Amino acid sequence: MVNRLAQSQSLYLRKHSENPIDWWPWCDEALETARSENKPIFLSLGYSSCHWCTVMEGEAFSDRAIAQYMNSHFIPVKVDREERPDIDSIYMQALQMMTGQGGWPLNIFLTPDERIPFYGGTYFPVEPRYGRPGFLEVLQAIRRFYDTEKGKLETFKSEILGNLQQAAILSGVTAELNSELFQKGLEANTAIISTGNRAPCFPMMPYAELALRGIRFDFAKYDAQKACAQRGLDLVLGGIYDHVAGGFHRYTVDDTWTVPHFEKMLYDNGQIVEYLANLWSAGIQEPAFETAIAGTVEWLKREMTASTGYFYAAQDADSFTPPTPPYQGGAENSTPPYQGGAENSTPPYQGGATGGSEPEEGVFYVWTYSELEQLLTAEELGEIQTQFTVSRGGNFEGKNVLQRRHSGKLSETVETALAKLFSVRYGGHPDTVKTFPPARNNQEAKNDSWPGRIPAVTDTKMIVAWNSLMISGLARAAAVFGNSEYLELAVKAADFILDNQWIDGRFHRLNYDGQTAVMAQSEDYALFVKALLDLHQGSLSLVAGSDKWLHKAVEVQTEFDEFLWSVELGGYYNTAKDASGDLLVRERSYTDNATPAANGIAIASLVRLALLDQNLEFLDRAQQALQTFSSIMQDAPQACPSLISALDWYQRSTLIRTTPELISGLISQYYPTAIFQVETDLPEGVIGLVCECLTCKEPAKSGEELLVEIERSQTRV
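In this report, the structure presented in the accompanying data block is examined.

Basis of the calculations
- Residues numbered from 1 in each chain as written.
- Predicted model: local features only at pLDDT ≥ 70, side-chain atom pairs only at ≥ 80, totals over all residues.
- Heavy atoms only, no water.
- Helix = DSSP H or I, 4+ residues; strand = E, 2+ residues; numbered from the N terminus.
- Buried < 20%, exposed > 50% of the residue type's maximum accessible area, 1.4 Å probe, protein only.
- Contact = heavy atoms within 4.5 Å.
- Lys, Arg positive; Asp, Glu negative; His and termini not counted.
- Charge placed at Lys NZ, Arg CZ, Asp CG, Glu CD.
- Disulfide = S-S within 2.5 Å.
- Pairing = 2+ DSSP bridges.
- Axes fitted to C-alpha atoms, helices over the stretch in contact; angles between N-to-C directions.
- Expected span 1.5 Å × (residues − 1).
- 1 Å grid on protein atoms, 1.4 Å probe; cavity = no way out; pocket = protein on both sides within 12 Å on 5 of 7 lines; lining within 4 Å.
- Points joined across faces, edges and corners; volume = space filled by probe spheres on them.
- Nonpolar A, V, L, I, M, F, W, Y, C, P; charged D, E, K, R; others polar.

Scanning the protein from terminus to terminus reveals 26 helices and 20 strands. Across its three principal axes, the protein shows a C-alpha extent of roughly 85 × 70 × 50 Å. Evaluated residue by residue, the protein yields a buried proportion of 60% over its 717 residues. Long-range pairs, those at least 24 residues apart, make up 69% of the contacts in the protein between residues at least 6 apart in sequence. Across the protein, 58 positive and 92 negative side-chain charges occur, with their mean positions spaced 2 Å apart.

The structure is reproduced here in structure tokens:
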């Protein structure tokens, strides 16, 4: 017997379709039922590749006693946070207000009439453990509180709603948009990636991106170049990178970047590719950076690209082992979410069968020492042990996550060994396995015949914001390395979005196998405009026709301004007014998390558009938005690195007008607040013009003069 979620397009929602809980999707009918029956709403948010969401689905949400009580006393509503980040943002903020922490699964209880949260948490076990009460006990206590403590409930509702509304208004004292504000923000965020690692270790790309900007300045407090290079090395040498098949995992559970939480998210990979390319362009040319970019692109092409050109969203951390050899015991989950605790109890499968028991975290990626002994020659195994953290005892529950010990290029012997491991996973040599079809759900993973190991499930939905991050990464890598293949991948994805994501003149966020869904949110607009501008820049030195991307960027920005710009307050709302009727408050995202905040990205793009399109309305809007969020930059700069980066663009924006031949050499360098424009009508003897916002400098008549002008412009006060 299945519930209402069985027909959902969302993989995450469908994973809960066989729960005995009578789940509703987020919809008017569910909200009205809660009101009419006076039942609190149990709102549960997560995403398909979330390990602890999967654990709770198989435990508490599959328990019949819990389901019986839930169905009688609550209206249970399931939301895919990747479909509705606006809903997730509001209730995650509420949870953090209530408990001081957050995470997924996000489980929160709402009043049925106003949808105001009054209790919440993350993972709830079936029985009491990890210092957490059992879920049925929680449900019973919440219902008693709702029925008997009306006075306390009203007080709590007023406090939470007031705090949410206050946060949405941003009523702090505005700060001056000066160099001191930028320096304060740069130092605060550079400190975050400079002061050592604490578990768990996340890529934190918005922070690293801002810190890299600091290499242009002589701020003695932190060595930005050293910190940024180290972050790059941690990423490309650590176990967070898949050294066998490419692509970056979500984070590591330890402070040595060794054992990852094994899901692979498109948004991480797009940002990391762009960051590594920028490191290279800044002169930090570690061979492992180029290798990791190339490997990630191969993974993207092989496993994450639809035939129509867009990129899939994510791959699970968990995957299946075959039904034989039989299960051999093993540790239970023994640590709470976000503190480690991935368990495996049987050796990774070595090829060619169907089946599976329950999915286990990481089994697609890890290796027992005995497997390595069987698969590799003595020379290969010896070299692997020299170059990677491989041992008989392993570094992950008796198995080995590959983590490099040294930077530099890998030897041919190691490359041969890695190709053998690839063949075990995928059933063929990397030269021949160019495409690998996704397992779209657990049934396909268990029942299809796989030539190697059983792969993790892939969430094949297209998310505009996440595709945009990968388009930007590919476009930047194409410009830095002169690689037209990277640009072609980015172009195909951008063209898919342009051709398929508008319905009745409005931009939409998702695509499920050709079906467009959910009105675009601010991060979709902001990141896609950035991606189009990055394509414009990346195309200047590689292909003709780059003006197309600028024209499209202006069109998308115009729609963004029309439907999401706050005329009264400044900045961009997360959702359009006609798509916000079901929201408790209308937020304007400015805090960076795993992905950069929409307003920071949008403001930087407004400055770039003002330079290229010569429309000062874009610059006026950028200034107004920066002033709107200036109190946040002043009081909590560590929360908003993307806004600080946007301030850098505003203060040091540089337009470089020169010939295509010169652009080819300049665009591969690191000029973080520069944008290039082809100029075919320069005066005789002039090779380029450098313009600082509204003022052009003396025309450059030599390459040396041009470089001096660019460097001065990029570091001006």
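Applying the stated criterion across every chain yields a total of 2 disulfides. A sulfur-sulfur distance of 2.3 Å marks the disulfide that ties Cys-50 to Cys-53. Where Cys-50 bonds to Cys-53 through sulfur, the torsion about that S-S bond is close to 80 degrees, and the disulfide is right-handed. Taken as a pair, Cys-50 and Cys-53 share a single burial class, namely buried. Bridging Cys-691 to Cys-696, the disulfide has an S-S length of 2.0 Å.

Reading across the sheet, the 3 strands line up as 8-9-12 and stay open at both edges, with antiparallel pairing between neighbours. A strand with exactly one partner marks an edge of an open sheet, and here the two such strands are strand 8 (264-265) and strand 12 (458-459). By the bridge criterion, 2 bridges tie strand 9 (residues 314-315) to strand 12 in an arrangement that is antiparallel. Across the sheet, residue Gln-315 finds its bridge partner in strand 12, namely Thr-458.

Bringing the sheet that holds strand 20 (residues 695-696) into the picture now. For sheets, the rule is that strands pair by backbone hydrogen bonds, running either parallel or antiparallel. In spatial order, the strands read 18-17-19-20; together these 4 strands make up an open sheet with mixed pairing. Only two strands of the sheet have a single neighbouring strand rather than two, namely strand 18 (674-678) and strand 20. Here 2 bridges tie strand 19 (residues 688-692) to strand 20, and the two strands are oriented antiparallel to one another. Within the sheet, the bridge partner assigned to Glu-692 lies in strand 20 and is Thr-695. Running at roughly 25 degrees to strand 18, helix 21 (residues 598-613) makes contact with strand 17 (654-658) and strand 18 of the sheet.

A separate point is helix 11 (residues 266-281). At 3.6 residues per turn, the α-helix brings residues three or four places apart onto the same side. Here helix 11 contains 16 residues, and its C-alpha end-to-end distance of 23 Å stays within 8% of the 22 Å for a straight helix at 1.5 Å per residue. Among the 16 residues of helix 11, 16 are classified as buried, and the element is accordingly described as predominantly covered. Where helix 11 ends, the next residue or the one after it, Gly-283, has phi of about 95 degrees, a positive value.

Below, the discussion takes up empty space enclosed by the protein. Applying the stated criterion to the full structure yields 4 cavities of 30 Å³ or more. Considering only enclosed or pocket space, the largest cavity measures out at about 690 Å³ in volume. Among the secondary structure elements, those contributing two or more residues to the lining of the largest cavity are helix 9 (205-213), helix 11, helix 17 (464-481), helix 19 (522-539), helix 21, helix 24 (641-652) and strand 18. Taken together, the residues of the lining of the largest cavity break down into 19 nonpolar, 10 polar and 7 charged.

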